2 protein chains.
Amino acid sequence: MRKEEAIAEGLSLVEHSQIAMLGTNGGDGYPNIKAMIKAEHEGLKKIWLSTNTSSKRVAQLRQDPKACVYFVDFDHWKGLMLVGRVEILQDRESRDRLWHNGDERYYPLGPSDPDYSVLRFTAERGNYYHSLSNVDFEL
Amino acid sequence: MRKEEAIAEGLSLVEHSQIAMLGTNGGDGYPNIKAMIKAEHEGLKKIWLSTNTSSKRVAQLRQDPKACVYFVDFDHWKGLMLVGRVEILQDRESRDRLWHNGDERYYPLGPSDPDYSVLRFTAERGNYYHSLSNVDFEL
């Protein structure tokens, strides 16, 4: 598989995924994983997520922004891992961008709830596999 | 949720999962994730997986055995993260233990194929969540 194909197939996987696995450094030398709702993406370069400011994940990312985001279609042996860094955003524009009706369940104060944080992941490189094809690429 | 309940619900999640997400340290400071077939488990303490000896994952685990194994039922907001260490095994008993008919597709030389490795993960602690309940426990 050529890199262009891997990137195109990886993008299709992201478009069809509602869930992303976020990998972080746990601070004690162990990697951590959490499944999150994929809120938005800009190609493969930026992945937007949201979570509680008070969460372990945010504390870990403040210590070390290095992370990976993984998408998988296990039934078809497809997977995409993006490696990069996460910014924790609380500006109004970013919060409004990801806010949906009903999110008050989690953040009672609305988009300005201090416990509502936006995570913007920026990929530096990626790996896509499909069956036995496996391709690394820069982004 | 009490710890005993969290461990019991976590075990049920493992029993119903065919897939496990393996988190490793990439060697460059970035965490990595790969979806793998969960081959066997002994309670929550040991998770058995298998993979290619020549794979990136095995090279990473040789450098740093610290890992996590994550199981998720996203539809029901359940997730279990186990944190611990991975041993890479190539003894005959471990290989025979996980071998299934048809695995020759991946390892043409059979259970003694040098590219066939067994990963035995031993959990040190865990975290289970279900909706808004979230419990840490030692193992």
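Residues numbered from 1 in each chain as written. Chains lettered and ligands numbered in written order. Predicted model: local features only at pLDDT ≥ 70, side-chain atom pairs only at ≥ 80, totals over all residues. Heavy atoms only, no water.

**Considerations on the pattern of salt bridges**
All names here are of chain A.
Okay, step 1: Under the criterion given, the structure shown has 20 salt bridges over all chains.
Okay, step 2: With a closest N to O distance of 3.1 Å, Asp-64 and Lys-66 form a salt bridge. In this pair, the class of Asp-64 matches that of Lys-66, namely buried.
Okay, step 3: In this structure, the salt-bridge partner of Glu-124 is Arg-85, at a minimum N-O distance of 3.4 Å. Placement of the pair is Glu-124 in strand S7 (residues 116–130) and Arg-85 in strand S6 (residues 78–89), with a sequence separation of 39 residues.
Okay, step 4: By relative accessible area, which is 27% here, Glu-124 ends up partly exposed. (Salt bridge = Lys/Arg side-chain N within 4 Å of Asp/Glu carboxyl O. Buried < 20%, exposed > 50% of the residue type's maximum accessible area, 1.4 Å probe, protein only. Helix = DSSP H or I, 4+ residues; strand = E, 2+ residues; numbered from the N terminus.)

**Quick notes on unusual backbone geometry**
Okay, step 1: Although it is not a glycine, Trp77(A) sits at a positive phi angle of roughly 55°.
Okay, step 2: Residue position: Trp77(A) is located in the loop between strand S5 (66–73) and S6.

**Here's the deal with the interface of chain B and chain A**
Okay, step 1: Counting residues at the interface gives 35 residues for chain B and 36 residues for chain A.
Okay, step 2: Of the roughly 2,800 Å² buried between chain B and chain A, counting both surfaces, carbon and sulfur atoms make up 67%.
Okay, step 3: The tally of links from chain B across to chain A stands at 4 salt bridges.
Okay, step 4: The partner of Lys56(B) in a salt bridge is Asp136(A), with the nearest N and O atoms 3.1 Å apart.
Okay, step 5: Put simply, chain B and chain A have 12 residue pairs in polar contact (both at pLDDT 80 or more) between them.
Okay, step 6: At the level of secondary structure, the elements contributing two or more residues to the side of chain B that touches chain A comprise strand S1 (19–25), strand S2 (31–37), strand S5 (66–73), strand S6 (78–89), strand S7 (116–130) and strand S8 (133–138) of chain B.
Okay, step 7: In terms of residue count, S2(B) provides more of the side of chain B that touches chain A than any other element does, 7 residues in total. (Contact = heavy atoms within 4.5 Å. Buried area = accessible area lost by both parts, 1.4 Å probe. Polar contact = N/O pair within 3.5 Å; in protein donor to acceptor, adjacent residues only side chain to side chain.)

**Description of the packing of aromatic side chains**
Geometrically, a pair of aromatic rings is defined through the distance of the ring centres and the angle of the planes.
Okay, step 1: Summed over the entire model, instances satisfying the criterion amount to 10 aromatic pairs over all chains.
Okay, step 2: Ring geometry for Tyr107(A) and Tyr116(A): centres 4.8 Å apart, planes at 45°, overall tilted. Both residues of the pair, Tyr107(A) and Tyr116(A), count as buried.
Okay, step 3: Taken together through their ring pairs, the aromatic side chains of Trp99(A), Tyr106(A), Tyr107(A) and Tyr116(A) make up a single cluster.
Okay, step 4: Positioned above the aromatic ring of Tyr30(B) is the side chain of Arg125(A), whose terminal nitrogen or guanidinium carbon lies 5.3 Å from the ring centre. (Phe/Tyr/Trp six-rings, centres within 6.5 Å; stacked < 30°, edge-to-face > 60°. Lys NZ or Arg CZ within 6 Å of the ring centre and 35° of its normal.)

**A few points about helix H1 (residues 3–15) of chain B**
Residues and elements named next belong to chain B.
Okay, step 1: Under the 1.5 Å per step criterion, the end-to-end length of H1 is 18 Å for 13 residues, consistent within 8% with the ideal 18 Å.
Okay, step 2: Of all the positions in H1, only Ala-6, Gly-10, Leu-13 and Val-14 are classed as buried. Along the long axis of H1, the arc covered by the buried residues comes to 95°, so they all point the same way.
Okay, step 3: Looking at the buried side of H1, the elements it contacts are strand S3 (40–42), strand S4 (46–52), S5, S6, S7 and S8. (Expected span 1.5 Å × (residues − 1). Arc of directions from axis to C-beta.)

**Some remarks on the relation of the copies chain B and chain A**
Both copies of the chain are related through a single rotation about an axis accompanied by a shift along the same axis.
Okay, step 1: If you rotate chain B by 180° and push it 0.0 Å along the axis, it lands on chain A with an RMSD of 0.0 Å. Here the two chains are linked by the operation of a two-fold rotation axis. If distances are taken from each C-alpha of chain B to the rotation axis, the shortest is found for Pro31(B), at 2.9 Å.
Okay, step 2: Most of the interface of chain B is mirrored in chain A: 100% of its interface residues are interface residues there too. (Least-squares fit on C-alpha atoms with pLDDT ≥ 70 in both.)

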